[in-house]
Amino acid sequence: MNGKKVACVVLMLFVGMVAYFGQIMHQKTLAKMSEAEAAKNEVVTAEGDIQVAEINVGKTKSAAADVISFLEAWRPHAEKFQTQLEVESAIQSSLRGTGLLIMSQKFESKEDKNNPVVPRVVRAALVIEDEYAKVLNWVGELERRFPLTRMMSCDITGGETGRLVHAEVAFEIPIVNLDADLTKEDPKAKAKKKAA
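My aim in this report is to walk through the structure given alongside it, one point at a time. (Residues numbered from 1 in each chain as written. Predicted model: local features only at pLDDT ≥ 70, side-chain atom pairs only at ≥ 80, totals over all residues. Heavy atoms only, no water.)

Time to look at the overall build of the protein chain. The secondary structure content of the protein chain amounts to four helices and four strands. Put simply, the protein chain runs from its N terminus to its C terminus through helices and strands in the order α-α-β-β-α-β-β-α. A compact globule built from 196 residues should have a C-alpha radius of gyration of about 16 Å, whereas the protein chain, at 39 Å, is more than 25% larger. Summarising its shape, the C-alpha atoms of the protein chain cover approximately 140 × 35 × 25 Å along the three principal directions. The buried share of the protein chain, taken over its 196 residues, is 18%. Across the protein chain, contacts joining residues at least 24 apart in sequence account for 62% of those joining residues at least 6 apart. Counting every atom, the protein chain has about 14,100 Å² of accessible surface; 61% of that belongs to carbon and sulfur. The centroid of the 26 positive side-chain charges in the protein chain is displaced by 11 Å from the centroid of its 27 negative side-chain charges. (Helix = DSSP H or I, 4+ residues; strand = E, 2+ residues; numbered from the N terminus. Rg over C-alpha atoms; globule rule 2.2 N^0.38 Å. Buried < 20%, exposed > 50% of the residue type's maximum accessible area, 1.4 Å probe, protein only. Contact = heavy atoms within 4.5 Å. Areas by Shrake-Rupley, 256 points an atom, 1.4 Å probe, with all protein chains shown as cover. Lys, Arg positive; Asp, Glu negative; His and termini not counted. Charge placed at Lys NZ, Arg CZ, Asp CG, Glu CD.)

Written out as structure tokens, the structure is:
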């Protein structure tokens, strides 16, 4: 082979290598450009998600503000009684203040380990025999003094005389723990998750 042919072959090899490496670089550039475009799309999507999340946070804050203000208004009533003895003393005090004739009274405490906010409820069952107006005024006073009270039953019948009534009143007063840790998972819910 003469020198011109060898130079031509070397030049062709060089051009082929340049074209080959140029094509590889072009493919890498296209891959990087598509990655950059995908990253831009992800950024746009993430910005949209952030805006949606900010809107949801704003809605949650406005909804929570109502609940928080409601909770703060009721907090003094909820924290008023923390033991069964306090509940019994307060009821006894309200009864003494009215001078009602109490035939019988029974207090019992019921615990609910699944409800950390209301772990205990004090149930009271009273049998009262006195004047109609005094009994009804006391029931109304009960609602005012203990706003979280849940009336279970209130049976009023005629008493021994025309002016007296016989009232059997049963109600519950919750002992509330507003600082309860609600992040702990309920054991029943945990068991359901394991079963599923």
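Strand order in the open sheet made by the four strands is 1-2-4-3, with antiparallel pairing throughout. Two strands close off the open sheet at either side, each with one partner strand: strand 1 (102-111) and strand 3 (150-158). Geometrically, the sheet is characterised by an average inter-axis angle of 10 degrees between neighbouring strands, direction not taken into account. Bridging between strand 2 (residues 120-131) and strand 4 (residues 164-175) involves 12 bridges; their strand directions are antiparallel. Bridge assignment links E129 to a residue of strand 4, and that residue is H166. The strands that helix 2 (residues 84-98) touches are strand 1, strand 2 and strand 4; relative to strand 1, the one it contacts most, it runs at about 155 degrees. Running at roughly 160 degrees to strand 2, helix 3 (residues 132-145) makes contact with strand 2, strand 3 and strand 4 of the sheet. (Pairing = 2+ DSSP bridges. Axes fitted to C-alpha atoms, helices over the stretch in contact; angles between N-to-C directions.)

Here we take up the pattern of salt bridges. Within this structure, the stated rule accounts for eight salt bridges. Close ionic contact of E172 with R123 constitutes a salt bridge, the shortest N to O distance being 2.5 Å. One end of the pair, E172, is in strand 4; the other, R123, is in strand 2, with 49 residues separating them in the sequence. In this structure R123 comes out as partly exposed when scored by relative accessible area, which is 28%. A salt bridge links K134 to D130; the nearest nitrogen and oxygen atoms lie 3.5 Å apart. One network of salt bridges, in which partners are shared, links R123, R150 and E172. (Salt bridge = Lys/Arg side-chain N within 4 Å of Asp/Glu carboxyl O.)

What follows covers the nonpolar core. Within soluble globular proteins, side chains that are nonpolar tend to cluster in buried spots. Counting 22 residues, the largest nonpolar core has I91, L126, I128, W138, F146, F171 and I173 as the members making the most contacts within it. For this core, the secondary-structure elements that each account for two or more residues are helix 2, strand 2, helix 3 and strand 4. The greatest single-element share of this core, amounting to six residues, is contributed by strand 4. Residues contacting I128, with those up to four places away along its chain left out, are L100, L101, I102, M103, V135, W138, V165, H166 and A167. (Core = buried A, V, L, I, M, F, W, Y, C linked by side-chain atoms within 4.5 Å.)

As for its placement among the helices and strands, E129 is situated in strand 2. Nearest to the buried, unbridged E129 among oppositely charged side chains is K134, at 13 Å. A polar atom in the side chain of E129 sits 3.1 Å from the side chain of H166. Beyond its immediate sequence surroundings of up to four residues, E129 is in contact with L101, M103, G159, E160, V165 and H166. (Polar contact = N/O pair within 3.5 Å; in protein donor to acceptor, adjacent residues only side chain to side chain.)

For the structure on display, the rule yields two aromatic pairs. Pairing Y20 with F21 gives two aromatic rings, centres 5.5 Å apart and planes at 65 degrees, and the pair type is edge-to-face. (Phe/Tyr/Trp six-rings, centres within 6.5 Å; stacked < 30°, edge-to-face > 60°.)

Between its first and last C-alpha, helix 3 extends 20 Å over 14 residues, near the 20 Å set by a 1.5 Å rise per residue. Here helix 3 has its buried residues at V135, W138, V139 and L142. Seen along its axis, helix 3 keeps its buried residues to an arc of 100 degrees; they face one direction. Facing away from the buried side of helix 3 by over 90 degrees, the exposed positions are N137 and R144. Packing partners of the buried residues in helix 3 comprise helix 2, strand 2, strand 3 and strand 4. (Expected span 1.5 Å × (residues − 1). Arc of directions from axis to C-beta.)

Note that every value here comes from positions in space, so none of it alone points to a role or purpose.
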